[in-house]
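# Structural characterization, general
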Amino acid sequence: MKHNTAEVATVGSDYLGFIFYEKSPRNFEGVLPVLPSEIKKVGVFVNASLDFIMNKINLYSLDVVQLHGEETPLFCANLMAEIHVEIWKVFSIKDRFNFNELTPYESYTDKFLFDTKGKEKGGNGYTFNWEVLKDYPSNKPFVLSGGIGLGEIPAIKKLLLSNLPIYAIDINSKFEEAPGQKDLELLQQLKKEMNKT
């Protein structure tokens, strides 16, 4: 699959994600272009083995490992003992969520990522009920994901004014012309709108 990674890097993202999951239409294989040093590379994995993850970290010099499957706290602990990059654990939400699920992961992750629960492992194209996040009990920073498009910017700005430790927003399908092909004009518009006060 063709990705326009080098072009996307010019828009000024802080992170770029690369999906290493064969069932994904965005599965990344091949050679990474040279990216600006300030852009961090996120590898997205779904129930991958420790060896597979280690291989991709070494091959692509990943800065972050994003775990999008049913990885256990023990797996995260073993991973943290082996690698020296950040670990982000994904949890899927729709209309409610038991935040007690996070507790066993607190010591073995650097950030949480909250995505929309749907039939796909990510890329479902719609947001979950962000009201659920008002009950977030942790101080650990989290990434907001799931169906975010330009239409969600006002709600995101409102959420950023809360006391929630929102670290970043993760955008994907609503900024694509095709899987792996980001729309640069939409990305530039997103940045412009987010920078407006």
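This is a predicted model, so every value here is computed, not measured.

Thresholds applied
Residues numbered from 1 in each chain as written. Predicted model: local features only at pLDDT ≥ 70, side-chain atom pairs only at ≥ 80, totals over all residues. Heavy atoms only, no water. pLDDT = per-residue confidence, 0-100. Helix = DSSP H or I, 4+ residues; strand = E, 2+ residues; numbered from the N terminus. Pairing = 2+ DSSP bridges. Axes fitted to C-alpha atoms, helices over the stretch in contact; angles between N-to-C directions. Left-handed = near helix turned anticlockwise from the far one by under 90°. Contact = heavy atoms within 4.5 Å. Nonpolar A, V, L, I, M, F, W, Y, C, P; charged D, E, K, R; others polar. Salt bridge = Lys/Arg side-chain N within 4 Å of Asp/Glu carboxyl O. Buried < 20%, exposed > 50% of the residue type's maximum accessible area, 1.4 Å probe, protein only. Polar contact = N/O pair within 3.5 Å; in protein donor to acceptor, adjacent residues only side chain to side chain. Phe/Tyr/Trp six-rings, centres within 6.5 Å; stacked < 30°, edge-to-face > 60°. Lys NZ or Arg CZ within 6 Å of the ring centre and 35° of its normal.

### Points about the confidence of the model for the chain
Looking at the chain, the pLDDT average stands at 91 and 94% of residues meet or exceed 70. Taking the mean pLDDT of every element in the chain, the minimum, 85, falls on strand 8 (residues 176–178) and the maximum, 98, on strand 3 (residues 64–67).

### Examining the sheet that holds strand 3
The parallel open sheet is built from 7 strands, whose spatial order is 1-2-3-4-5-6-7. Bordering the open sheet on either side are strand 1 (15–19) and strand 7 (166–169), each of which pairs with just one other strand. Across the sheet, the mean angle separating the axes of adjacent strands is 30° when strand polarity is ignored.

### What to know about the packing of helix 2 (residues 50–60) against helix 3 (residues 73–82)
The geometry of helix 2 relative to helix 3 is characterised by a closest axis approach of 11 Å and an angle of 35° between their N-to-C directions. At the point where helix 2 passes helix 3, the crossing takes the right-handed sense. Counting all contacts with helix 2, which are made through Leu-50, Ile-53 and Met-54, the residues of helix 3 involved are Phe-75, Leu-79 and Glu-82. Class assignment of the residues belonging to the contact of helix 2 with helix 3 gives a composition of 5 nonpolar, no polar and 1 charged.

### Regarding the pattern of salt bridges
The final tally for this structure, using the stated rule, is 6 salt bridges. One salt bridge connects Lys-134 with Glu-131, and the closest N-O pair in it is separated by 2.8 Å. Residue Lys-134 is classed as exposed on the basis of its relative accessible area, which comes to 60%. Between Glu-176 and Lys-182 there is a salt bridge, with the nearest N and O atoms lying 2.9 Å from each other. Neither residue differs from the other here; Glu-176 and Lys-182 are each classed as buried. Through salt bridges that share partners, Arg-26, Glu-176 and Lys-182 make up one connected network.

### With respect to the environment of Ser-162
Tracing the sequence through the fold places Ser-162 in the loop between helix 4 (153–160) and strand 7. Measuring from C-alpha to C-alpha, the distance between Ser-162 and Lys-134 comes to 8.8 Å, with 28 residues separating the pair along the chain. A distance of 2.5 Å separates a polar atom in the side chain of Ser-162 from the backbone oxygen of Leu-159. A polar contact is formed between the side chain of Ser-162 and the backbone nitrogen of Leu-164, at a distance of 3.3 Å.

### Focus: the packing of aromatic side chains
Taken as a whole and judged by the stated rule, the model has 20 aromatic pairs. Ring-pair connections join several aromatic residues into one group, and the members of that group are Phe-91, Phe-97, Phe-99, Tyr-105, Phe-112, Phe-114, Tyr-136 and Phe-142. It is Lys-89 that lies over the ring of Phe-91; its NZ or CZ is 5.1 Å from the centre. Positioned above the aromatic ring of Tyr-167 is the side chain of Lys-111, whose terminal nitrogen or guanidinium carbon lies 4.3 Å from the ring centre.

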